[in-house]
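Examining the three-dimensional arrangement
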Amino acid sequence: MNAPAYNFAYLDEQTKRMIRRAILKAIAIPGYQVPFASREMPMPYGWGTGGVQVTAAILGPADVLKVIDQGSDDTTNAISIRKFFAKTAGVATTTATDEATVIQTRHRIPETALHANQVLVYQVPIPEPLRFLEPRETETRRMHALAEYGLMHVKLYEDIARFGHIATAYAYPVKVNARYVMDPSPTPKFDNPKMDNSPALQLFGAGREKRIYAIPPYTKVVSLDFEDHPFEPYRFNAPCALCGAENSYLDEIVTDDKGSRMFVCSDTDYCEGRQAAGHHGSLSAAPYKEKAPSHG
Amino acid sequence: MTTIAELPPGFADKVLSAQSTFRSVMDAMARPGSVQRIVPMAGTAGPMMRGTAAIALTLFDHDTPLWLDAGMSESADVLKWLKFHTGAPVVQDSSIAAFALIGDGAALPSLERFALGTNEYPDRSTTLIVQVDSLDAGRSFELRGPGINGVATLQASIKPLDLFERLRMNEALFPRGIDVVLVADDAVVAIPRTTRVVNKGS
Amino acid sequence: MYVAVKGGERAIENAHRLLAHKRRGDQSVAEVTLDQISEQLGLAVDRVMSEGSLYDRELAALAIKQARGDLIEAIFLVRAFRATLPRFGTSEPVDTGAMRVQRRVSATFKDIPGGQILGPTFDYTHRLLDPSLAEGFVPDAPATADAATAPTPRVTDILGRDGLIESSPQAEEGASVGDLTREPLNFPADRDLRLQNLARGDEGFLLAMGYSTQRGYGRNHPFVGEIRFGEVEVEFAAEDVGFAVPLGAIELTECQMVNQFKGSATEAPCFTRGYGLAFGQSERKTMSMALVDRALRARELGEEALAPAQDEEFVMSHSDNVQATGFVEHLKLPHYVDFQSELGLLRKLRQEFSKAFADAQAPDAMKEAAE
């Protein structure tokens, strides 16, 4: 039997070259989705194969890797991906945001501000921001070519007409360097402002859809909006129950079946760091009560 | 005649040297104007600088048509070295090249003769690798654009002297355009198509 | 006091241990061997090789065992292994006309040179569960005859001689063969890439798509020109050697559909082609593939492309079961963060709605009170 033998960071060198070339083009054309011949990875499509391929192509022995899913280092898929690289590349791993040189993420941007010696690698399920407005690749490619983004504005405007707000809470579209409309991956719109003018390089990998794109450091990233309906990041009314943070993104924890809830930081490293530094929250929150609609 | 056994070697450690070289090039591309060093060394051939050779070993293969300027293509050693170590097909038609190696910038052809990509596929463009005299001394340039926190300055001795004026076409062409990697020995500076360069004199 | 959930690492390890245990099942029952899978579940192995696009019976059998019989999971295992294999080049085109045929049927001609050969097929079995197979079944020896020496030319070649069917498009000399596992796929895609996509495509998806063309969604009047199954030689032309070197023999199934004719003022009418090819004995797959291949040629044949099976982006983007299962199943990954974002927005909208609703009611109430 052909006993499998795998390369450093799993991918063969030819594949890494192909991905590396795509990454360079992606950086040179901010927000443009570079097609690449995504490989079949030893984990399912949709579970981070794009991010894993990008990470595998850039990772070296000197790197320190952090992997988060939903902001947490301890979710099972984050653990699984971190173990994959610890095993195939032997790299050091960390949960501390400021110690990491490469951070692979699904659905969050860390709360701790990133610095210039870091690369943030996003796992992307559907890279095409126009896909749900126009399913055809041939059409969306033409729209990007002509920078014809009217359809997106119409969609956002229809939201306003119907709900009074732009009804997009995550994967909120942005415009990169005043040219390409880009999908930031399904991060909550709370995280959108962190992409703007970031000192860190941001790389996006979509394995199943076979696209790589990038935001270079210090690049203008604007969330799409209207003058009379400006972009507003989602705000929580309560601070984190564990660390008292007032400006972090929170997970809602349902604590019983009688309506009790508490809110805690989704970024576990940030929350633990604050608690270690002596910050404390209420440890429990008052039950959340949805205001009953007053129907007469 | 050089035989294959006499060819200057490639990387001692193919995997880790390519990774390290790539990170230098990636950092250069992500932070235009910053001077990055290429650490791992391979052999070189003919007029190829050490940095150029390392980039070739890192990014070229069967899938990357390669265009060479006269100085490079006249060197049988360069041709043999590239074929043996990278397998990249050398093409005469610069408009289908994925990469172009420019040993002597003074003879750089018109940029329109390289692939500029299309509006649908702006990535299908030629990346120029231009060897220059110095990336730490010479005229001063100011750079602006993505990857740069405000303004970056670069001191360099570059041929052709009007390279950055010629690259100004990138502004009108965008998203089409030409990305340039400047190499001086082991130093690398990238000028992607989004970078605007102003000559500040010497 | 609330403590954030930890211990995912141990949970994963324990899950894998339990999975291994479940895979083995009751350990008083004999363990299934790879030979048993390869010999007795041969069609499952064929499917895994085809859709895994790797011809290796032993690895396919291992994958089926490892996947507990879940064939899509087995295909995934084979694909992930295949992706790491070095690529030496492309084989010479196989000559299915020279196939050592084990089975061959044509629906277009009663008799054909080389004859119709029924071979090993379920076709005329009565689908009655057979208790004698439950244990200890020893089949009768197969019937034998002297090996036929007559050639078995392909039916489409016979039709082609009279110009009754369009000629099979030939690749340009020296043209490279597309490979969607090595280059990103762009639309519109050429037929080589479409056929590769279909050959790797999910049998069930292709079956449904092919079936839909028969029911009128892109009908193309198919006749089975021929289905043949047997062994062909694979050769590789190594640059240094100067001639094609035989690598060995593989089993293939080929289906050539003969479809509704085309023609114009300048071109005599003739039948058109749909093509299917798969590793091993995979008739349902190759027939479905041939129907869909023909449907996807609508654009090139100047037909209106309105049905799903004629829509190349639709078919090619959704045919791959490894991609599809990954994305469907990824929904079970945590989505707390984006869900929370939606939840926050929904609560806000509901609050605004109830306020607006209350405001709308209030003036009426006041008016009533005033009257």
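To start, this report covers the structure provided alongside it. (Residues numbered from 1 in each chain as written. Chains lettered and ligands numbered in written order. Predicted model: local features only at pLDDT ≥ 70, side-chain atom pairs only at ≥ 80, totals over all residues.)

As for the sheet that holds strand β5 (residues 119-123) of chain A
All names here are of chain A. Read across the sheet, 7 strands follow the order β1-β9-β8-β5-β4-β2-β3 without closing on themselves; strand pairing throughout is mixed. Bordering the open sheet on either side are β1 (34-35) and β3 (92-93), each of which pairs with just one other strand. The pairing of β5 with strand β8 (residues 201-206) spans 5 bridges and is parallel. Looking at the pairing, V121 lines up with L203 of β8. Most of the contacts of helix α2 (residues 49-58) go to β5, to which it runs at about 150°, and overall it touches β4 (102-106), β5, β8 and β9 (211-215). Packing of helix α3 (residues 76-88) onto the sheet brings it into contact with β2 (64-69), β3 and β4, and relative to β2 it is tilted by some 160°. (Pairing = 2+ DSSP bridges. Helix = DSSP H or I, 4+ residues; strand = E, 2+ residues; numbered from the N terminus. Contact = placed C-beta atoms within 7 Å. Axes fitted to C-alpha atoms, helices over the stretch in contact; angles between N-to-C directions.)

Some thoughts on unusual backbone geometry
Cis geometry is adopted by the peptide bond preceding B:P160, which originates at B:K159 and carries an omega value of 0°. Residue placement: B:P160 occurs in the loop between β6 (152-157) and α5 (163-166). Along the chain, C:F187 connects to C:P188 via a cis peptide bond; the corresponding omega equals -5°. Counting through the fold element by element, C:P188 comes out in the loop between α6 (155-161) and α7 (191-200). With a phi angle near 70°, A:Y10 is a residue other than glycine that sits in the positive phi range. Structurally, A:Y10 can be placed in the segment before α1 (13-28). Of note in the backbone geometry, A:A178 takes a positive phi value of approximately 60° without being a glycine. Residue position: A:A178 is located in the loop between β6 (174-176) and β7 (180-182).

Details of the environment of B:R193
Within the element layout of this structure, B:R193 appears in the loop between β8 (187-191) and β9 (196-201). In sequence terms B:R193 and B:D179 are 14 residues apart; their C-alpha atoms lie 5.1 Å from each other. What B:R193 contacts, discounting residues up to four positions off in sequence, is A:A28, B:N170, B:F174, B:G177, B:I178 and B:D179.

Focus: the packing of helix α5 (residues 71-82) of chain C against helix α11 (residues 321-329) of chain C
Residues and elements named next belong to chain C. Their axes nearest at 9 Å, the elements α5 and α11 cross at an angle of 110°. What the angle tells us is that α5 and α11 run roughly perpendicular. As α5 runs across α11, the sense of the crossing is left-handed. On α11, the residues that touch I72, I75, F76 and R79 of α5 are N321, V322 and T325. A per-class count over the contact of α5 with α11 returns 4 nonpolar, 2 polar and 1 charged. (Parallel < 35°, antiparallel > 145°, perpendicular 65-115°, else oblique. Left-handed = near helix turned anticlockwise from the far one by under 90°. Nonpolar A, V, L, I, M, F, W, Y, C, P; charged D, E, K, R; others polar.)

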